[in-house]
Structure formats: structure tokens, C-alpha cells
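A closer look at the structure
The lines below spell out each chain.
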Amino acid sequence: MQQKRNRKTKDALIIILQALVPYRDQAEWFLEIIKTTDNEELENKLINVIYQQVKTIKSNEEIEDIKKNISEIHNKYEYKEEQDKKDAEKLLDDFIDNI
């Protein structure tokens, strides 16, 4: 059960970071870290850092572009199971709603 939660979080983080690469210099670096780590604590800290950084964006156009990119990448992302996809959708929707 814990492993599935970790995978969903990791999938959502990968999608968010891929969407942020054109907008944030550190996104590509964070993406590489997430792809190579199995450290849940690090993943959670990165989620918080990403959320805080995205909240500092003042441009509504940039925010809408990020939301659009997250949705597009999410639709292309391959999941191992349908439940993983549903859970990742919820995580991503929550992230987008809180931007």
C-alpha cells in the first residue's frame, strides 16, 4: 500500500516537473533527482518546495500555461494501473486548484 502511494506521488511529481521545465531553471534538475531516488522524505520536501515556488508566480498567463502543460503531460503519461492514474489525477487536480 505504501509503495503504491509513493509511486503515485512520484508520478505526479514527474508530471509537474516536466510542465515546469520551461518556466523554472531548477525544474529539470529536480526532475532528474525524482527519477533516480526512492527517498519518500525527499519527494515530499520537493513537493513543498515546488508548491511554494509556483505560488510566487504573479503572471496569470504563466500560471495558465503551467496548468495547461500539466494537463497535457498528464494525459500522455503512462500508468501501470488504472487506480494509479485516478490517484495521480487527484494529486494533480489538487495541485492545480491550489496554484
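Predicted model only: the values in this text are computed from it and were never measured.

Pairing between side chains becomes possible if they bear opposite charge and their charged atoms approach one another. Applying the stated criterion across every chain yields a total of six salt bridges. Arg24 is the partner of Glu62 in a salt bridge, and the nearest nitrogen-oxygen pair spans 3.9 Å. Placement of Glu62 in helix H4 (residues 60-76) and of Arg24 in the loop between helix H1 (2-20) and helix H2 (27-36) is noted, with a sequence separation of 38 residues between them. Using a relative accessible area of 26% as the deciding quantity, one classes Arg24 as partly exposed. The partner of Glu64 in a salt bridge is Lys67, with the nearest N and O atoms 3.7 Å apart. Here Lys67 and Glu64 lie together in helix H4, a separation of three residues that amounts to about one turn. Overall, the relative accessible area of 46% leaves Glu64 in the partly exposed class.

With that settled, consider the packing of aromatic side chains. The description of an aromatic ring pair uses the distance of the two centres, along with the angle that the planes make with each other. Under the criterion given, the structure shown has one aromatic pair. A centroid spacing of 5.4 Å and a plane angle of 40° characterise the contact between Trp29 and Phe30, whose relative ring orientation is tilted. With a relative accessible area of 55%, Trp29 lands in the exposed category. Of the residues examined, Phe30 reaches a relative accessible area of 11% and is grouped as buried.

Moving on: helix H3 (residues 40-55). For H3, which comprises 16 residues, the first-to-last C-alpha distance of 23 Å matches the rise-based estimate of 22 Å (1.5 Å per residue) to within 8%. Every buried residue of H3 is accounted for by Glu43, Leu46, Ile50 and Val54. In an axial view of H3, the angular spread of the buried residues amounts to 65°, which keeps them on one side of the axis. Projecting away from the buried face of H3 at angles above 90 degrees are the exposed residues Glu41 and Gln52.

A few words now on the packing of H4 against helix H5 (residues 82-97). Relative placement of two packed helices is described by the angle separating their axes and the distance separating the axes. Relative to each other, H4 and H5 sit at 175°, their axes nearing to 11 Å. The orientation of H4 with respect to H5, classified from their angle, is roughly antiparallel. From H4, Lys67, Ile70, Ser71 and His74 reach across to H5, where they touch Lys85, Ala88, Glu89, Leu92, Phe95 and Ile96. Of the residues belonging to the contact of H4 with H5, the class tally is five nonpolar, two polar and three charged.

Closest axis-to-axis distance for the H2/H3 pair is 11 Å, and the angle between their directions is 155°. By the criterion of interaxial angle, the relationship of H2 to H3 is roughly antiparallel. Considering how the two elements wind past one another, H2 and H3 form a crossing that is left-handed. Residue-level contacts link Phe30, Ile33 and Ile34 of H2 to Leu42, Glu43, Leu46, Val49 and Ile50 of H3. Taken together, the residues of the contact of H2 with H3 sort by class into seven nonpolar, no polar and one charged.

About the thresholds
Residues numbered from 1 in each chain as written. Predicted model: local features only at pLDDT ≥ 70, side-chain atom pairs only at ≥ 80, totals over all residues. Heavy atoms only, no water. Salt bridge = Lys/Arg side-chain N within 4 Å of Asp/Glu carboxyl O. Helix = DSSP H or I, 4+ residues; strand = E, 2+ residues; numbered from the N terminus. Buried < 20%, exposed > 50% of the residue type's maximum accessible area, 1.4 Å probe, protein only. Phe/Tyr/Trp six-rings, centres within 6.5 Å; stacked < 30°, edge-to-face > 60°. Expected span 1.5 Å × (residues − 1). Arc of directions from axis to C-beta. Axes fitted to C-alpha atoms, helices over the stretch in contact; angles between N-to-C directions. Parallel < 35°, antiparallel > 145°, perpendicular 65-115°, else oblique. Contact = heavy atoms within 4.5 Å. Nonpolar A, V, L, I, M, F, W, Y, C, P; charged D, E, K, R; others polar. Left-handed = near helix turned anticlockwise from the far one by under 90°.

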